[in-house]
Amino acid sequence: MILSGIDETGTLLSQLDRNLPGGILIYRDDGEQTILYANPWLIRVFGCSSYEDFMKTTGGSFMHLVHPEDRSRVDKDIQDQISGSPEKLDFVNYRIVRKDGSIRRVEEFGHRVFVPGVGPVFYVFFLDNDTKYKIYDIDSLTGLPGKTRFLQHASMTMAMASLDPKSPKLAFIYINIHNFSFYNLRNGSEKGNQFLLKMAAVLQKNFPNNLISRFADDHFVILASLPSVEALIPSITEQIHALYDASRLDVKFGIYRVDDFHVPVESACGMAQMACDSIKELPDQYVCFYTEDMSRRKALRSYVIDHFREALEKRWIEVYLQPVIRTVSGTLASVEALSRWKDPERGMISPGIYVPLLEESRQAKKLDLYVLEEICRRYRAQKDGGRVVIPTSFNLSRVDFFQGSIFDEVEDIRKRYQVPRNMLYVEVTESAFVREGEVIRKEIERFRSAGYEVWMDDFGSGYSSLNVLKDIEVDIIKLDKSFLNNMEKQEKHRKNDVIVIKNIVNMVNDLDMEVIAEGVETQKQAEFLRGINCCMAQGFLFGRPLPHDEYEKRLSGDHVYHISETE
């Protein structure tokens, strides 16, 4: 039995090296901190293939395996912990630089002993951090609590606060770096990790006694006392922007004020994230407080995505028409087809809500082709019935041009109903030309070569308009309604607005294109447009969008619009 036990012990000890759930390192406590031994686990952690490879990667020194920025701290921590007694252990955590240059965080216990014939050495045991982080939910990059751990601790904090009437107001802060994925693509993931480490340090510095978590990627969450939050955020933003070239990144803060300590922590975090997400596309706003209206809007957005297909099938989405008028004669030039969602449960849903959502979810093409098919079907019915037919413009989303050939799909519908191309005008927003100019330009050329008129919609709504005019050939420019609105609202700038509008119209005319001014609401605006040779106009003065049947009734009467009282 004794012999058997000895054999078993020998077998176990022979397997110990490779099967320990952690690393072993022995190094001299000398000026060079020379490594004497490393077990296979530690060699693998460093991404090395052999002991020799490990020694080459680390330079054979303990301090060289520690990240350069952590070395002085680690050395001081070890000396402080072991001073005074040979029995004391040190416990430190730090980053290591692996063979491939990636960074990993480790924790280790060390014991300094004197070995006869060798001298003072450190025996160090490294924890199996992958397992440890899974169990304790610690982020392996930053050392911050993960989501599960944060939610547990935050729940306890909220419960304690609910028992203390003098407890300070609390707030959940959700922090997201907009476009961080592009930062990684431009600079590499290693520099991205370095940025996240420094960002975590900024948050810890500014919220030293608060619970901070890295939920995922570039998403951080903090539970802090409310009075300190608003004052700190401008400074924190500056500190984060000062990291490397991070000024190119937009750091967004969403804040949920805790009014009820019994609210589920996960819900509180979700509401802070909702506030954060609401400003992700606003370059001039970096902080937003949650409001109840955000939840209502989110619920509506979810409803739109979930019920869009049903809305098409059951025709909750209708096609409305709005007139475009010739300013000289006051006669009808064409109509624009617009979609309107009349929901049996939610009532009228604004296009300003559902159109952007359908673009984000890549469903806008279904809507645009639905509208096109509806106007083609109506055209064929009117033509076959001997009624008046009117050219109709329809809108194509930017995303339509990246899901197969939109030209071919438009042609298929047009041919099915035998609609002449000159009865259909294609409208594409100016922003699409700016963002995806080359891709869209080729498809626009196909439309125009085939005989379609192409209109640029929302011209001047905030993009590089003059460059667009120089580079893109279209038939008509639709001047964004903001030009006329600004002219009416800002009386002191009226002269400048008049000059800008006049020169845009003249420039477009010189480029052999025509202008339609949108947003015409007053007789005065209509007369102004006629006076500067703006050939067409559209707006509530001439008619709001109406369902197709109602518009047909209107056309049966006098549809000449009197633009000038002196005509």
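Residues numbered from 1 in each chain as written. Predicted model: local features only at pLDDT ≥ 70, side-chain atom pairs only at ≥ 80, totals over all residues. Heavy atoms only, no water.

## Regarding the side chain of S213
Point 1. Within the secondary structure, S213 sits in strand β7 (residues 211-216).
Point 2. Within the local environment of S213, its side chain forms a polar contact with the backbone oxygen of G146, the two atoms lying 3.3 Å apart. (Helix = DSSP H or I, 4+ residues; strand = E, 2+ residues; numbered from the N terminus. Polar contact = N/O pair within 3.5 Å; in protein donor to acceptor, adjacent residues only side chain to side chain.)

## Re the pattern of salt bridges
Point 1. Within the structure shown, the criterion is met by 31 salt bridges.
Point 2. Here E518 and K478 are joined by a salt bridge, their closest N and O atoms 3.6 Å apart. One end of the pair, E518, is in the loop between β18 (514-517) and α21 (523-531); the other, K478, is in strand β17 (residues 476-479), with 40 residues separating them in the sequence.
Point 3. By relative accessible area, which is 12% here, E518 ends up buried. (Salt bridge = Lys/Arg side-chain N within 4 Å of Asp/Glu carboxyl O. Buried < 20%, exposed > 50% of the residue type's maximum accessible area, 1.4 Å probe, protein only.)

## Some thoughts on the side chain of S339
Point 1. Position of S339 relative to the elements: it lies in strand β12 (residues 332-343).
Point 2. Residue classification places S339 among the buried residues on the basis of a relative accessible area of 11%.
Point 3. Among the polar contacts listed, one links the side chain of S339 to the side chain of Y354, at a separation of 2.8 Å.

## As for the sheet that holds strand β1 (residues 22-28)
Point 1. Pairing within the open sheet is antiparallel, and its five strands lie in the order β2-β1-β5-β4-β3. Two strands in the sheet have a free side with no partner beyond their single neighbour: β2 (35-38) and β3 (89-97). The average angle at which neighbouring strand axes cross in this sheet is 25 degrees, direction not considered.
Point 2. Sheet strands touched by helix α3 (residues 51-58): β1 and β2. Its angle to β2, the strand with the most contacts, is close to 135 degrees.
Point 3. Helix α5 (residues 71-82) rests against β1, β3, β4 (103-115) and β5 (119-127) of the sheet, and its axis sits at about 170 degrees to β3. (Pairing = 2+ DSSP bridges. Axes fitted to C-alpha atoms, helices over the stretch in contact; angles between N-to-C directions. Contact = heavy atoms within 4.5 Å.)

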